[in-house]
Amino acid sequence: MIILVVNTGSSSLKYQLFDMEDRKVLAKGICERIAEDGHMNYKVGDETVFSKDIPLPDHGVAMQLVIDALIDKEHGVISDMNEIHAVGHRVVQGGSLFKKSEIITPEVEAGIEQLSVIAPLHNPPALVGIRACKKVLPNAIGVVVFDTSFHQTMPEESYMYAIPMEYLEKYNIRKYGAHGTSHRYVSERCAELCGKDKSEMNIITCHLGNGSSVTAIKEGKCYDTSMGLTPLDGLIMGTRTGTLDPTVVSFINEQTGMSASEIVSMMNKKSGLLAVSGISGDVRDICEAEAKGNHRAHIAREMLLKSVRHFIGAYAAELGKVDALVFTAGIGENDIELREKVCDYLGFMGVKIDTEKNNSRGEEVEITAPGSTVRTFVIPTNEELMIAIDTQALADGK
Ligand code: ADP
């Protein structure tokens, strides 16, 4: 079965075409700067076939150009667009409405639209992508995979905020989490690597990238996660604050006259590692500056390390027993020193890693040392494959 996976942002459209026979990526790329100056990149395997500026007035045009590239006589990978059996779309917010991936119906579209209130930056572009795709590929089965659905198993004590009940009942204000597709993929892969059923394991998964979250998984189900109503909560991130006292918002408002939405935007885009270091939100830049003796870069680095330890420690205590720890995403997969420094503190809960095995970037590897009671892994995330697997399962049953 040939499946197209689409991830639509406000000005971008990422795509991967899978042959599910061997789960191989046939082609992939990104359309960027949609409705601006337009740029498109198209790769077959790992070879870039083209990367060029091209007018992309809207997502519909971008989607059509993706299909044109995929079926092109010279560099295409399929001969007819009808070979694409199904399309899987990533949707950030599924709220409490969507507890699993779904075939797209008018009701599902309406649900995604309704949830735009809590994901104004993410759900509207996803709908634009879904509609553009339906026009260009009218015969393909459409599926949506939600970043939040894995976290829907959280119990009330994890997802509820201790505020008056009306805010949950009337406005659905609660913890939803994010990166669910990534946490699900790496935890399932971890269970597979341990030769166990996921229901037999308690796992803490650390998705550490520009956006970061840690998840506590109890017997295969999400028990708690560090992101909240939105991805602003939890760990310190590239440009996001992570957890802070909410009174900071009203205090800044009173002191500066900035509106609540301006403050939240500052907390999403101008804060985190970028604000503390004063240099960059990119961990590589921070490490480089820290090595040269920059004090603010050092504080940013220490805050990141502490933040990761904080959530692993908290979730170990929430779970009571931890069988495995997983690192994934840009920082988790590549930052050897962070893994070592974090795990150095975790001996009290049975974590011991092998420094030689840990000396690896972007590879799937078990880094557990002999004598460790917690198995520790680096598992490159693959959200697109997870979306393709869900899409195939739903399309198969239709
Ligand atoms: P996104 O959340 O945008 O998908 P990624 O998962 O790609 O982000 O992660 C980006 C982060 O990974 C950046 O902070 C970058 O500095 C970090 N990163 C990438 N490679 C390395 C490396 N070799 N060492 C440390 N950090 C790295």
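Provided above is the structure to which this section pertains.
Here's a quick rundown of the structure. Just so it is clear, the model here is predicted, and its values are computed rather than measured.

Below, the discussion takes up helix α13 (residues 336–344). Listed in full, the buried residues belonging to α13 are I336, L338, R339, V342 and C343. The arc that holds the buried residues of α13, viewed along the axis, is 165 degrees, so those residues lie on one side. The inward-facing, buried residues of α13 contact β9 (202–208), α11 (295–319), β12 (324–328), α12 (329–334), α14 (355–358) and β14 (375–378).

Here we take up the pattern of salt bridges. Side chains bearing opposite charge may pair, as long as their charged atoms lie close to each other. Applying the stated criterion across every chain yields a total of 19 salt bridges. A cluster of three or more residues bridged by salt bridges with shared partners is formed by E109, E113, R131 and K134.

With that settled, consider the packing of helix α10 (residues 283–291) against α11. Closest axis-to-axis distance for the α10/α11 pair is 8 Å, and the angle between their directions is 125 degrees. In terms of orientation, α10 lies oblique with respect to α11. As α10 packs across α11, the resulting crossing turns out to be left-handed. For the pair α10 and α11, contact is made by V283, I286, C287, A289 and E290 and by A297, H298, A300, R301 and L304, respectively. For the contact of α10 with α11, the residue count by class is seven nonpolar, one polar and two charged.

Around the ligand, the surrounding shell consists of G209, N210, G211, D282, V283, R284, A329, G330, I331, N334, D335 and R361. Contacts to the ligand include G330, whose backbone N or O atom sits 2.8 Å from an oxygen atom. With respect to the ligand, the backbone of I331 contributes an N or O atom lying 3.3 Å from an oxygen atom. When the ligand sits alone it has 580 Å² of accessible area, and the protein chains cover 70% of it. Most atoms of the ligand, that is more than half of them, are within 2 Å of grid points of the second largest pocket. Those elements giving two or more residues to the shell around the ligand turn out to be α10 and α12. When grouped by side-chain class, the residues that make up the shell around the ligand number three nonpolar, five polar and four charged.

Right, let's get into empty space enclosed by the protein. Under the criterion given, the structure shown has three cavities of 30 Å³ or more. Put simply, the largest cavity is a space of about 50 Å³. In terms of lining residues, the largest cavity is bounded by F150, R184, S187, E188, K198, M201, I203, I217 and G220. Classifying every residue of the lining of the largest cavity by side-chain character gives four nonpolar, two polar and three charged. In this structure, the second largest cavity spans a volume of roughly 40 Å³. As for the second largest cavity, its lining consists of M160, Y161, I163, P164, M165, Y167, L168 and I173. For the lining of the second largest cavity, a count of residues per class yields eight nonpolar, no polar and no charged.

Okay, unusual backbone geometry next. At H179, a position not held by glycine, the phi torsion is positive, near 60 degrees. Relative to the elements of secondary structure, H179 occurs in the loop between α5 (165–171) and α6 (180–193). The class of H179 is buried, set by a relative accessible area of 11%. The backbone of A329 shows a phi angle near 75 degrees, a positive value even though the residue is not glycine. Structurally, the position occupied by A329 is in helix α12.

About the criteria used
- Residues numbered from 1 in each chain as written.
- Predicted model: local features only at pLDDT ≥ 70, side-chain atom pairs only at ≥ 80, totals over all residues.
- Heavy atoms only, no water.
- Buried < 20%, exposed > 50% of the residue type's maximum accessible area, 1.4 Å probe, protein only.
- Helix = DSSP H or I, 4+ residues; strand = E, 2+ residues; numbered from the N terminus.
- Arc of directions from axis to C-beta.
- Contact = heavy atoms within 4.5 Å.
- Salt bridge = Lys/Arg side-chain N within 4 Å of Asp/Glu carboxyl O.
- Axes fitted to C-alpha atoms, helices over the stretch in contact; angles between N-to-C directions.
- Parallel < 35°, antiparallel > 145°, perpendicular 65-115°, else oblique.
- Left-handed = near helix turned anticlockwise from the far one by under 90°.
- Nonpolar A, V, L, I, M, F, W, Y, C, P; charged D, E, K, R; others polar.
- Near = heavy atom within 4 Å.
- Polar contact = N/O pair within 3.5 Å; in protein donor to acceptor, adjacent residues only side chain to side chain.
- Areas by Shrake-Rupley, 256 points an atom, 1.4 Å probe, with all protein chains shown as cover.
- 1 Å grid on protein atoms, 1.4 Å probe; cavity = no way out; pocket = protein on both sides within 12 Å on 5 of 7 lines; lining within 4 Å.
- Sits in = over half its atoms within 2 Å of the grid points.
- Points joined across faces, edges and corners; volume = space filled by probe spheres on them.

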